[in-house]
Amino acid sequence: MYDAPGMKLHALLIFALCISASLAAQEPPKGAYPVEFFPLQIERQDLRMAYRDVKPTAAANGKTVLLLHGKNFSGFYWERVTTLLASRGYRVIAPDQIGFGASSRPDIHYSFHQMAANTKALLDHLGVARVVLIAHSMGGMVGTRFTLLYPAIVEKLVLEDPIGLEDYRTLVPYVSVEELYKSELNATYESFLNYQKGYYTTWKPEYEAYVRDQAWVLGTGEYPRDALSAALTSEMIYQQPVCYEFSRIAAPTLLIVGHEDRTVPGKARLSPEMKAIAGDYPKLGKKTQEMIRGSKLIEIQGSGHIPHIEQPDAFDRALLGFLAE
């Protein structure tokens, strides 16, 4: 014997919870800072670039920090660093690059030059003439290109585990944009979660907020556009190396690398032999430091690809020490 009405109620409750979880996955995490939008026109398309513009919460020091995010992220994951810097008197600007986060996801020719130009246009719009530039992962490639294109704007440069320290064309087998697009279309929340787990030496439940920030668009009508922009930006990373130009950087530069970081875009396509040697960030960091005149290198123990999340105290000491010099 069983209670049919009770069973039905239980089933409806489970159904409602599943629907609620599904809808929650289709919304980005609620950030601490408001997101604004800057209109851009690229290749005759009207687009919007999302950004956060956070004023100092302590006595203003007259300086502005520009934060550039990595490929699987948006400006959302900079919130803790934003709060820290605002409390030290900095104005902080954290954009979502076109193709990422809350920004438009157009079918265009993506390039680091275009991303740098978009970022410069945003700064002009906000009346910012000089910045301390802090860039992580793919943002390091954007930041490198920005620094080379607009050297007078960059007061100091901080590169946190930047990808692009080696030429992936010499390491990773080529695949077409169509193949990349098909792969992106097959992505699931679990595949995003498992990929991001590889960024850390030790996974913590609170890191899942950054997975939700990447995965909220899954299951929405926007996802095919997101998948295509992800494929096109993967091609951009592969085809537009910056590692041959580090010697041209003149701004005072700090390199921060996680001791355990072995990130390589397209790593799944590497042979076992190449996986053993590619993406060695301690080694690549030293090589890059030698190329950038006068630069400093700090290696953070117990950290993978994202020291500002995994080892925040060590990251903050390195960052604030450099900014105080």
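Please read these numbers as outputs of a predicted model, since none were measured by experiment.

On to the sheet that holds strand 6 (residues 154–160). Taking strand neighbours across the sheet as the criterion, the 8 strands line up as 1-2-4-3-5-6-7-8 in an open arrangement whose pairing is mixed. Only two strands of the sheet have a single neighbouring strand rather than two, namely strand 1 (36–42) and strand 8 (296–300). Taken pair by pair, the neighbouring strands of this sheet meet at an average axis angle of 20 degrees, ignoring direction. Relative to strand 8, strand 7 (residues 253–258) runs parallel, the two being bridged by 5 bridges. Bridge pairing in strand 8 places V257 opposite E299. In the packing of helix 3 (residues 112–126) onto the sheet, the strands contacted are strand 1, strand 2 (45–54), strand 3 (64–68), strand 4 (91–95) and strand 5 (131–136), and the crossing angle to strand 1 comes to about 130 degrees.

Glancing now at the packing of aromatic side chains. Evaluated as defined, the whole model comprises 10 aromatic pairs. Summarising the aromatic geometry, the rings of Y200 and W203 are spaced 5.7 Å apart at their centres and angled 70 degrees between planes, so their arrangement reads as edge-to-face. A residue is classified by how much of its surface remains accessible, and Y200, at 7% relative accessible area, is buried. Its relative accessible area of 26% is what places W203 among the partly exposed residues. An aromatic cluster of three or more residues is present, and its members are F73, Y77, W78, Y195 and Y199. Note that K120 overlies the ring of Y150, its terminal NZ or CZ placed 5.6 Å from the centroid.

What follows concerns the nonpolar core. One finds I98, L123, L133, M138, F146 and Y168 to be the most contacted residues of the largest nonpolar core, which totals 59 residues. Per element, the largest residue contribution to this core is 6 residues, and it comes from helix 3. Apart from the residues within four sequence positions on either side, F146 is in contact with A116, T119, K120, L123, L133, I153 and V154. Residues W78, Y90, I256 and F315 belong to the second largest nonpolar core, which totals 34 residues.

The backbone phi angle of E43 is positive, close to 50 degrees, even though this residue is not glycine. You can see E43 is positioned in the loop between strand 1 and strand 2. The class of E43 is partly exposed, set by a relative accessible area of 43%.

Walk down a regular strand and you will see the side chains alternate between the two sheet faces. Most of strand 6 sits out of view: 6 of its 7 residues are buried. Where strand 5 meets strand 6, 6 bridges bridge the pair, whose relative direction is parallel. Opposite I134, over in strand 6, you have V158 as the bridge partner. In the classification by handedness, the crossover that spans strand 5, the intervening helix 4 (residues 138–149) and the parallel strand 6 is right-handed. In terms of strand pairing, strand 6 meets strand 7 through 4 bridges, oriented parallel. Each bridged residue has a counterpart across the sheet, and for V158 the counterpart in strand 7 is L254.

Before going further, it helps to spend a moment on the packing of helix 6 (residues 189–197) against helix 7 (residues 208–215). Direction vectors running N to C along helix 6 and helix 7 enclose 135 degrees, while the axes themselves pass 10 Å from each other. With respect to helix 7, the axis of helix 6 lies oblique. As for the relative orientation of helix 6 and helix 7, their crossing is right-handed in sense. For the pair helix 6 and helix 7, the contacting residues are Y189, F192, L193 and Q196 in the first and E208, Y210, V211, R212, Q214 and A215 in the second. For the contact of helix 6 with helix 7, the residue count by class is 6 nonpolar, 2 polar and 2 charged.

So, on to the environment of E178. In this fold, E178 is placed in helix 5 (residues 177–185). E178 sits in the partly exposed class, given a relative accessible area of 46%. Considered as a pair, E178 and A231 are 53 residues apart in the sequence and their alpha carbons are 7.9 Å apart.

Once that is clear, we can look at the pairing of strand 1. Looking at chain direction, strand 1 and strand 2 are connected through 7 bridges and run antiparallel. Opposite F38, over in strand 2, you have M49 as the bridge partner. The hairpin turn running from strand 1 into strand 2, its antiparallel successor, is 2 residues long, and E43 in that turn takes a positive phi close to 50 degrees.

Parameters and conventions
- Residues numbered from 1 in each chain as written.
- Predicted model: local features only at pLDDT ≥ 70, side-chain atom pairs only at ≥ 80, totals over all residues.
- Heavy atoms only, no water.
- Pairing = 2+ DSSP bridges.
- Helix = DSSP H or I, 4+ residues; strand = E, 2+ residues; numbered from the N terminus.
- Axes fitted to C-alpha atoms, helices over the stretch in contact; angles between N-to-C directions.
- Contact = heavy atoms within 4.5 Å.
- Phe/Tyr/Trp six-rings, centres within 6.5 Å; stacked < 30°, edge-to-face > 60°.
- Buried < 20%, exposed > 50% of the residue type's maximum accessible area, 1.4 Å probe, protein only.
- Lys NZ or Arg CZ within 6 Å of the ring centre and 35° of its normal.
- Core = buried A, V, L, I, M, F, W, Y, C linked by side-chain atoms within 4.5 Å.
- Right-handed = clockwise from strand over helix to strand, strands pointing away.
- Parallel < 35°, antiparallel > 145°, perpendicular 65-115°, else oblique.
- Left-handed = near helix turned anticlockwise from the far one by under 90°.
- Nonpolar A, V, L, I, M, F, W, Y, C, P; charged D, E, K, R; others polar.

Remember that the coordinates give geometry; whether it matters functionally is a separate question.
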